Amino acid sequence: ITDNEGAIYEAVKRNLESSEYRLDTGRGSSTSTADYQALLLMYKVSELLAGAADLDSFINSVADLVMEQVRADTVVVLSRSADGDVQPRVIRHRGALDPGEVPISRSIIEMVIRSRAPVISADALNDERIKAGQSLALYNIKAVLAAPLLLENDVRGVLYLNRSGPVPFTKADGELVAALAALL
């Protein structure tokens, strides 16, 4: 198992062991709706990976899939150059954007890069870890989930998601997005 496959395996395993959102299937066992969705998403991503013509088409397809499956308002995949500059590679947003507009919080991106770990916030505007900037208020961002794109402990980019509605991202969402980030 490669490191990426190991990360995916661990996230799926934790989701399967979780007792949140259990649903009786009527077949003598209980299954989690969240577990099923996580496994289905990972299956769809593996199909995209197998059929992708190139890395850009794979990343674009994953961004579309994540936006729908995780119900994010925004999904941005950022690449980091050797000099540390961060540029958007893919931008998906439910609203209209002006040319060149990137609906992200730079302070959250910087936090993910510094910590080399995912950041999840249910209330980004009031989260003490995050310097509440203009972008959070401008886009009415309530919940944020961002995970590093790592290559041998080197941050090569960030997978960034946000929501403006009242439903926060869960720990299971964070683990799943972190596992997906390992593929990008």
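Before reading further, recall that the structure is shown in the block above.
A brief look at the structure comes next. (Residues numbered from 1 in each chain as written. Predicted model: local features only at pLDDT ≥ 70, side-chain atom pairs only at ≥ 80, totals over all residues. Heavy atoms only, no water.)

**What to know about the sheet that holds strand E7 (residues 154–163)**
The condition that has to hold: When DSSP locates at least two bridges between a pair of strands, those strands are taken to pair. Secondary structure elements are taken from DSSP: a helix is a run of H or I of four residues or more, a strand is a run of E of two residues or more, and numbering for both begins at the N terminus. Fitted lines through C-alpha atoms serve as axes, helices being fitted only where they are in contact, and the angles separating the N-to-C directions of these axes extend from 0 to 180 degrees.
Ordered by their spatial adjacency, five strands build an open sheet running E4-E3-E7-E6-E5, and the pairing between neighbours is antiparallel. Strands at the two margins of the open sheet, each flanked by one partner only, are strand E4 (86–93) and strand E5 (119–121). Neighbouring strand axes in the sheet, compared pairwise and without regard to direction, differ in orientation by 15° on average. Here E5 pairs with strand E6 (residues 143–151) via three bridges, running antiparallel. Within E6, the position partnered with Ile120 by the bridge is Leu145.

**Structural notes on unusual backbone geometry**
Test applied: Buried residues are those whose accessible area, probed at 1.4 Å on protein chains only, stays under 20% of the maximum for their type, while exposed residues exceed 50% and partly exposed ones sit between those limits.
Even without a glycine there, the phi angle at Arg116 is positive, about 55°. Residue position: Arg116 is located in the loop between helix H4 (106–115) and E5. Arg116 gets classed as partly exposed once you look at its relative accessible area, which sits at 38%. In this model, Glu152 sits at a positive phi of 50°, which is unusual for a non-glycine residue.

**Observations regarding the pairing of E6**
Most of E6 is tucked away: seven of the nine residues are buried. Remark: two residues form the turn of the hairpin made by E6 and E7, two consecutive strands paired antiparallel; Glu152 in that turn has positive phi of roughly 50°.

**Thoughts on the side chain of Asp73**
Our working rule: Between two residues, a contact is recorded if the distance between any of their heavy atoms is within 4.5 Å.
Structurally, Asp73 can be placed in the loop between helix H3 (55–69) and strand E3 (74–80). Residues in contact with Asp73, not counting those within four places in the same chain, are Met67, Arg92, His93, Arg94, Asn162, Arg163, Ser164 and Gly165.

**Structural notes on the nonpolar core**
Just so we agree on the cut-off: Throughout this description, the term nonpolar core refers to a set of buried Ala, Val, Leu, Ile, Met, Phe, Trp, Tyr and Cys residues connected via side-chain atoms within 4.5 Å.
Counting residues in hydrophobic clusters, the biggest one holds 27 residues, and the most contacted among them are Val75, Leu159 and Leu161. Of all the secondary-structure elements, those providing two or more residues to this core are helix H2 (33–51), H3, E3, E6, E7 and helix H6 (171–183). With seven residues, H3 is the single largest residue contributor to this core. Excluding residues that lie within four positions of it along the chain, Val75 makes contacts with Ala63, Val66, Met67, Val90, Ile91, Arg92, Leu159, Tyr160 and Leu161.

**Concerning the pairing of E7**
By the criterion of burial, E7 is predominantly enclosed, with eight of the ten residues buried. Note: E3 against E7, six bridges, orientation antiparallel. Bridge pairing links Thr74 to Asn162 in E7. As judged from the nine bridges shared by E6 and E7, these two strands associate in the antiparallel manner. When the sheet's bridge partners are listed, Leu151 is paired in E7 with Asp154.

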